[in-house]
Amino acid sequence: MIPKSHPRYHSLVAREELIKHFETGVVARAGLIAHGRGEAFDYLIGEKTTEPALRAIRAAACALLLAERPVISVNGNAAALAGEWIIKLAETVNAKIEVNLFYRTKEREKAIESLLKSLGAKEVLGVDERFQATIPELMSERRRVDSRGILMADVVLVPLEDGDRTEALRRMGKTVIAIDLNPLSRTAQAASITIVDNIVRAMPKLVEEASRLKHTPKDELRSILSSYDNSAVLSEVLEYMANRLKKLAEEALKARVKQ
Ligand code: PTJ
């Protein structure tokens, strides 16, 4: 039991969740490593949602609400860390939920499906082989998609995605929304909208924003979306990290002077 007063409480809880879901077969072994990489970038943004990330969240909510066939792609880490929020978002924007794995096994697909169903998901795509289709030009296991889901989607939310598939989905003409703490990753660079934030913080905020904007006229949503500039947002996040490190470096020097 981690005491709430622990300075790294939230980070430790996320780790415990991942380990628990690794043991139940939801999270891939490499998912634990991927999370560590994310944590390192989270330190650089100060473990809080930045202003550019909030703008990306707003644009993402607009894109999902405007979509005709939105799909939320779910992997092991996303299911373990944000399962209930994935379901809430799907309900809010009327999106389908599809399990789509990099380290694909039938057992993990089933484990993720049952976790999502236990949290209240009514339908989970990506598991029934009768509807299996493939994304052209993609070699990884993620080329397999559901013909009722990602294959025909116009907007796909891909938390913790790999770069190849993001690029392939873009080439297919889809709007891709990524949640990735690393603004330099190929996914972050290739997505249409990149939310550089921890999935644990970003998903509740995305649900809140989508609920707030749900009854906004479509023209207004289109106007927010068309004024959104992902390259500018990525550049601002990098600048935010650089400035924060510079400030911390100056503070470290000042502390030394006082000693
Ligand atoms: O469940 P599977 O089989 O589909 O596998 C999932 C992983 C995540 C293992 C797989 O997609 C993978 O290997 O991903 P990568 O290439 O390591 O990329 C993961 C990205 O997610 C990295 O850029 C991390 O910085 C980022 N990341 C890790 N944890 C978080 C995160 N971004 C947001 N929130 C996090 N908690």
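Residues numbered from 1 in each chain as written. Predicted model: local features only at pLDDT ≥ 70, side-chain atom pairs only at ≥ 80, totals over all residues. Heavy atoms only, no water.

Undergrad: Outline the site of the ligand, supporting the account with residue identities and numerical values.
TA: With respect to spatial proximity, 22 residues lie near the ligand, and among them Arg-37, Phe-102, Tyr-103, Arg-108 and Asp-180 are the closest. At 2.8 Å, a backbone N or O of Phe-102 approaches an oxygen atom of the ligand. Starting from 740 Å² of accessible surface for the ligand in isolation, the protein chains cover 94%. Going through the elements one at a time, helix H2 (29-44) and helix H4 (76-93) are the ones with two or more residues in the shell around the ligand. Counting residues per element, the shell around the ligand draws most heavily on H2, which supplies six residues. Looking at the shell around the ligand, its residues break down into nine nonpolar, seven polar and six charged. (Near = heavy atom within 4 Å. Polar contact = N/O pair within 3.5 Å; in protein donor to acceptor, adjacent residues only side chain to side chain. Areas by Shrake-Rupley, 256 points an atom, 1.4 Å probe, with all protein chains shown as cover. Helix = DSSP H or I, 4+ residues; strand = E, 2+ residues; numbered from the N terminus. Nonpolar A, V, L, I, M, F, W, Y, C, P; charged D, E, K, R; others polar.)

Undergrad: Describe the packing of aromatic side chains, with residues and values.
TA: One pass over the structure, following the stated rule, counts one aromatic pair. Centre to centre, the rings of Phe-102 and Tyr-103 are 4.9 Å apart; their planes meet at 80°, and the pair counts as edge-to-face. Since its relative accessible area comes to 34%, Phe-102 is described here as partly exposed. For Tyr-103, a relative accessible area of 46% puts it in the partly exposed group. Over the face of the ring belonging to Trp-85 we find Lys-88, whose NZ or CZ atom lies 4.3 Å from the ring centre. When the ring centre of Phe-131 is taken as origin, the NZ or CZ atom of Arg-148, which lies over that ring, is 3.6 Å away. (Phe/Tyr/Trp six-rings, centres within 6.5 Å; stacked < 30°, edge-to-face > 60°. Buried < 20%, exposed > 50% of the residue type's maximum accessible area, 1.4 Å probe, protein only. Lys NZ or Arg CZ within 6 Å of the ring centre and 35° of its normal.)

Undergrad: So what about the side chain of Asn-182? Which residues, and what values?
TA: Mapped onto the secondary structure, Asn-182 falls in the loop between strand S6 (175-179) and helix H7 (186-190). A polar side-chain atom of Asn-182 sits 2.8 Å from the main-chain amide nitrogen of Leu-184.

Undergrad: Before we move on, could you go through the sheet that holds strand S5 (residues 155-159) and cite the residues and values that matter?
TA: Strands sit in the order S2-S1-S5-S6-S7 across an open sheet of five strands; the sheet is parallel. A single partner strand is all that each edge strand has here, and the edge strands are strand S2 (96-99) and strand S7 (193-195). Ignoring strand direction, the axes of neighbouring strands in this sheet form an average angle of 20°. (Pairing = 2+ DSSP bridges. Axes fitted to C-alpha atoms, helices over the stretch in contact; angles between N-to-C directions.)

Undergrad: Tell me about a nonpolar patch on the surface, and please be specific about residues and values.
TA: A surface patch of nonpolar side chains, amounting to about 210 Å² of accessible area, comprises Ile-19, Phe-22 and Leu-32. You can see Ile-19 is positioned in helix H1 (residues 9-23). Ile-19 gets classed as partly exposed once you look at its relative accessible area, which sits at 37%. (Patch = residues over 30% accessible without salt bridge, like charges linked within 9 Å, V, L, I, M, F, W, Y side chains within 5 Å. Salt bridge = Lys/Arg side-chain N within 4 Å of Asp/Glu carboxyl O.)

Undergrad: Go over the nonpolar core, please, and point to the residues and values.
TA: With 54 residues, the main nonpolar core has Val-74, Leu-89, Leu-116, Ile-177, Ile-195, Met-203 and Leu-206 as its most contacted residues. Apart from residues no more than four positions distant in its own chain, Leu-89 is found in contact with Leu-64, Ile-72, Asn-94, Leu-157, Met-203, Leu-206, Val-207 and Ala-210. In this structure, Val-71, Ala-133, Ala-168 and Leu-169 belong to the second largest nonpolar core, which totals 14 residues. (Core = buried A, V, L, I, M, F, W, Y, C linked by side-chain atoms within 4.5 Å. Contact = heavy atoms within 4.5 Å.)

Nothing here speaks to function; it is all geometry.
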